[in-house]
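One-letter residues, chain by chain:
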Amino acid sequence: MIERVVQFVREVRTEFSKITWPNRLETVVLTALVIAMIVVLTGIIFFYDLVFSQVIRYLLGARS
């Protein structure tokens, strides 16, 4: 059992050595991209929510 655990840990360390981490510039750019996409998608969802709520109010006859 101990041998299997030791082998597993060795394999995990080997796999971790294969990871390529992004540099600082890539991290900043990708973070900015994620924030921009969140802002854009929030705007789109807000627009659809506004339109659908108005359509539903119109269909229910509760125009305000």
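Quick note: structure is the one above.
Residues numbered from 1 in each chain as written. Predicted model: local features only at pLDDT ≥ 70, side-chain atom pairs only at ≥ 80, totals over all residues. Heavy atoms only, no water.

Draft legend 1. Up close: the overall build of the protein chain. A tally of helices and strands in the protein chain yields two helices and zero strands. A compact globule built from 64 residues should have a C-alpha radius of gyration of about 11 Å, whereas the protein chain, at 25 Å, is more than 25% larger. Based on the C-alpha atoms only, the size of the protein chain along its principal axes is roughly 75 × 35 × 10 Å. For the protein chain, with 64 residues in total, the buried portion stands at 0%. Of the accessible surface of the protein chain, which amounts to about 6400 Å², a share of 71% is contributed by carbon and sulfur atoms. Taking the 7 positively charged and 5 negatively charged side chains of the protein chain as two groups, their mean positions are separated by 8 Å. (Helix = DSSP H or I, 4+ residues; strand = E, 2+ residues; numbered from the N terminus. Rg over C-alpha atoms; globule rule 2.2 N^0.38 Å. Buried < 20%, exposed > 50% of the residue type's maximum accessible area, 1.4 Å probe, protein only. Areas by Shrake-Rupley, 256 points an atom, 1.4 Å probe, with all protein chains shown as cover. Lys, Arg positive; Asp, Glu negative; His and termini not counted. Charge placed at Lys NZ, Arg CZ, Asp CG, Glu CD.)

Draft legend 2. How the structure looks around the packing of aromatic side chains. Taken as a whole, this structure holds two aromatic pairs when the rule is applied. A ring pair is formed by Tyr48 and Phe52, whose centres lie 6.1 Å apart and whose planes are at 20°; its orientation type is stacked. Remark: Phe52 and Tyr48 occur in helix α2 (residues 24-60); sequence separation between them is four residues, near one turn of the helix. On the basis of relative accessible area, Tyr48 is assigned to the partly exposed category, the value being 46%. An aromatic cluster of three or more residues is present, and its members are Phe47, Tyr48 and Phe52. (Phe/Tyr/Trp six-rings, centres within 6.5 Å; stacked < 30°, edge-to-face > 60°.)

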